[in-house]
Amino acid sequence: MHTLSVLPQLLTFGLVGPLLLRIAVAMFLFNLSLERFKKPYKLLSIVYAVSAGLIFIGLYTQIAVILGIIIIKADWIIDRGFKMPNKNEVILYSLLGASLLSILFTGPGFMAFDLPL
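In short, a report on the structure. All chains use their own residue numbering, which begins from 1 and follows the written sequence. Side-chain atom pairs in this predicted model are given and counted only at pLDDT of 80 or more, local residue features only at pLDDT of at least 70, and totals for whole chains, interfaces and linings cover all residues. For the side-chain quantities, the full set of heavy atoms in the structure was used; hydrogens and water were omitted.

Any residue with relative accessible area above 30% and no salt bridge may belong to a patch, with like charges joined within 9 Å and the nonpolar Val, Leu, Ile, Met, Phe, Trp and Tyr side chains within 5 Å. Shrake-Rupley sampling with a 1.4 Å probe provides the accessible areas, and residues are treated as covered by the protein chains on show and by no other component. Any Lys or Arg side-chain nitrogen located within 4 Å of an Asp or Glu carboxyl oxygen qualifies as a salt bridge. A surface patch of nonpolar side chains, amounting to about 640 Å² of accessible area, comprises Val 6, Leu 7, Leu 10, Phe 13, Val 16 and Leu 20. Helix numbers and strand numbers start at the N terminus; a helix is a DSSP run of H or I with at least 4 residues, a strand a run of E with at least 2. Relative to the helices and strands, Phe 13 is located in the segment before α1 (16-37). Using a relative accessible area of 55% as the deciding quantity, one classes Phe 13 as exposed. Exposure classes here rest on a 1.4 Å probe applied to the protein chains alone. A residue is buried below 20% of its type maximum, exposed above 50%, and partly exposed in between.

And the structure:
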């Protein structure tokens, strides 16, 4: 089967894409965890850190991603309530949510501890 790709040789590294996405999302979640630790929401910070750590090492990735999606939504509601959000925050959190969903559906990628059952 012939693909319509300009560089079809790069498609052999298909498992590296989820790895890079997983590391970027984990770093972002860990940064949010440090930011939330300064506020009175210590439990939220701990859940962010646990989710980020599990996503980073690729252990129980789908459970950690679902937890991350739930905690991002809860954080949005707790922190912002019904106030008008900043346009940049909406874009950033939408991109984070889409990245988490991508990891949920594509799997953790290369160098992960998750094994298919």
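Time to look at the packing of aromatic side chains. Pairing of aromatic rings covers Phe, Tyr and Trp, the last counted by its six-membered ring, and requires centre-to-centre distances within 6.5 Å; plane angles under 30 degrees mean stacked, over 60 mean edge-to-face, and any other angle means tilted. Summed over the entire model, instances satisfying the criterion amount to one aromatic pair. Aromatic pair Trp 76 and Tyr 93: ring centres 5.3 Å apart, planes at 70°, arrangement edge-to-face. Placement of the pair is Trp 76 in helix α3 (residues 61-80) and Tyr 93 in helix α4 (residues 87-106), with a sequence separation of 17 residues. Residue class for Tyr 93 comes out buried when judged on its relative accessible area of 11%. In this structure, Lys 42 is placed above the aromatic ring of Phe 37, and the distance from its NZ or CZ to the ring centre is 4.4 Å. Whether a charge sits over a ring depends on NZ of Lys or CZ of Arg being within 6 Å of the ring centre and within 35 degrees of the ring normal.

Attention shifts here to the pattern of salt bridges. Inspection of every chain in the model, using the stated rule, returns two salt bridges. Of the charged contacts in the structure, one is a salt bridge between Arg 36 and Glu 35, with a shortest N-O distance of 2.9 Å. By relative accessible area, which is 38% here, Glu 35 ends up partly exposed. Residue Asp 75 is joined to Arg 36 by a salt bridge in which the shortest nitrogen-to-oxygen separation is 3.0 Å. With Asp 75 in helix α3 and Arg 36 in helix α1, this residue pair connects regions lying 39 residues apart in the sequence.

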